[in-house]
Amino acid sequence: MTGSNTNGATKKIGNNIMLMVNDRRLYADTFWFTLFHEIGHIMNGDFGISFDKEKGEIEERADIYAQNMLINPTDYKEFLRENRFDTSSIKRFAEKIGRDPGIVLGRLQNDKKVGYTDRTLNMLRRRYKVVVGQV
């Protein structure tokens, strides 16, 4: 939906659960974070639509679930202790934990460890493309 401020939603219909993720921002970090965030809502028994700027305990629990599923908190703390967030350090850490470097970069940006405007670092971000009707 044009102008939507939501990346995903969950809904429970009887015994079935529907999880929806849109194609609004298809960078690896935002896609996977959104998917695991919505799974976090399901795991916590929270269903509905939440918007980008929504805060509160329910959203925080889903955020923490997504963060921890994407990057093990112990590994992340170790990485932060090194305090080196250049391209090669991010790639090395991403390889160590089996994640796309863009996911690590997205977490660092979200946690304000690096800025969003560093062109060299942003080259680590992978953009997905939705293709309909092709096998």
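Above this text is the structure in question.
Remember, it's a predicted structure, so these values are computed and weren't measured experimentally.

A.B. asks: I would appreciate a short explanation of the side chain of Arg107 in the present structure.
C.D. replies: Checked against the element boundaries, Arg107 lands in helix H5 (residues 101-110). With near-sequence residues (within four places) excluded, Arg107 lies in contact with Gln67, Ile71 and Tyr76.

A.B. asks: Whenever I open this one, the nonpolar core confuses me. Can you help?
C.D. replies: Membership of the largest hydrophobic core comes to 19 residues, with the highest contact counts inside it found for Ile71, Phe79, Ile90, Val104 and Leu108. Elements with a minimum of two residues in this core: helix H1 (28-43), helix H2 (57-70), helix H3 (73-82), helix H4 (87-97) and H5. Look past the residues within four positions of Val104 in its chain and what remains in contact with it is Ile71, Phe79, Ile90, Phe93, Ala94 and Ile97.

A.B. asks: Would you mind going over the environment of Gly106 with me for this structure?
C.D. replies: Among the structural elements, Gly106 can be located in helix H5. On the basis of relative accessibility, which here comes to 12%, the residue Gly106 falls in the buried class. As a C-alpha pair, Gly106 and Thr30 span 76 residues in sequence and 7.6 Å in three-dimensional space.

A.B. asks: What exactly am I supposed to notice about the packing of H3 against H5 here?
C.D. replies: In a packed pair of helices, the relevant descriptors are the angle between the two axes and the axis-to-axis distance. Contact pair H3 / H5: the axes reach a minimum separation of 13 Å and the direction vectors enclose 70°. The orientation of H3 relative to H5 falls into the category roughly perpendicular. Seen from H3, the contacting residues are Tyr76, Phe79 and Leu80; seen from H5, they are Val104, Arg107 and Leu108.

A.B. asks: Would you mind showing me how to read the pattern of salt bridges here?
C.D. replies: It is possible for side chains bearing opposite charge to pair when their charged atoms get close. On inspection of all chains with the given rule, the structure shows seven salt bridges. A salt bridge links Asp100 to Arg126, with the nearest nitrogen and oxygen atoms 2.8 Å apart. Separated by 26 residues along the polypeptide, Asp100 in the loop between H4 and H5 and Arg126 in the segment after helix H6 (119-122) bring together distant segments of the chain. With a shortest N-O distance of 3.0 Å, Arg107 and Asp111 are connected by a salt bridge. Through salt bridges with shared partners, a single network forms among Asp46, Glu57 and Arg61.

A.B. asks: Got a minute to help me understand the pairing of strand S1 (residues 8-13) in this structure?
C.D. replies: Regular strands place side chains that alternate from one sheet face to the opposite one. Taken together, the six bridges between S1 and strand S2 (residues 16-21) define a ladder with antiparallel strand orientation. Looking across to S2, one finds that Lys11 is bridged to Met18. The turn linking S1 back onto S2 is made up of two residues, and Gly14 within it adopts a positive phi angle of 65°.

A.B. asks: Explanation requested: the packing of aromatic side chains in the structure shown.
C.D. replies: Aromatic ring pairs are defined here through the distance separating the ring centres and the angle between the ring planes. What the rule picks out here adds up to five aromatic pairs. Pairing Phe31 with Trp32 gives two aromatic rings, centres 5.0 Å apart and planes at 85°, and the pair type is edge-to-face. Taking the relative accessible area as the measure of exposure, Trp32 reaches 29% and is therefore partly exposed. Using a relative accessible area of 23% as the deciding quantity, one classes Phe31 as partly exposed. Each member of the aromatic cluster is reached from another via a ring pair, and the members are Phe31, Trp32, Phe36 and Tyr128.

A.B. asks: Whenever I open this one, H1 confuses me. Can you help?
C.D. replies: Think of an α-helix as 3.6 residues a turn; residues three or four steps apart then line up on the same face. Across its 16 residues, H1 extends 22 Å between first and last C-alpha, which sits within 8% of the 22 Å expected from 1.5 Å per residue. The complete set of buried residues in H1 reads Ala28, Asp29, Thr30, Thr34, Leu35, Phe36, His37, Glu38, Gly40 and His41. Turning to H1, the residues buried within the fold contact S1, S2, H2 and H5. Downstream of H1 by one or two residues, Gly45 has phi in the positive range, about 75°.

About the thresholds
- Residues numbered from 1 in each chain as written.
- Predicted model: local features only at pLDDT ≥ 70, side-chain atom pairs only at ≥ 80, totals over all residues.
- Heavy atoms only, no water.
- Helix = DSSP H or I, 4+ residues; strand = E, 2+ residues; numbered from the N terminus.
- Contact = heavy atoms within 4.5 Å.
- Core = buried A, V, L, I, M, F, W, Y, C linked by side-chain atoms within 4.5 Å.
- Buried < 20%, exposed > 50% of the residue type's maximum accessible area, 1.4 Å probe, protein only.
- Axes fitted to C-alpha atoms, helices over the stretch in contact; angles between N-to-C directions.
- Parallel < 35°, antiparallel > 145°, perpendicular 65-115°, else oblique.
- Salt bridge = Lys/Arg side-chain N within 4 Å of Asp/Glu carboxyl O.
- Pairing = 2+ DSSP bridges.
- Phe/Tyr/Trp six-rings, centres within 6.5 Å; stacked < 30°, edge-to-face > 60°.
- Expected span 1.5 Å × (residues − 1).

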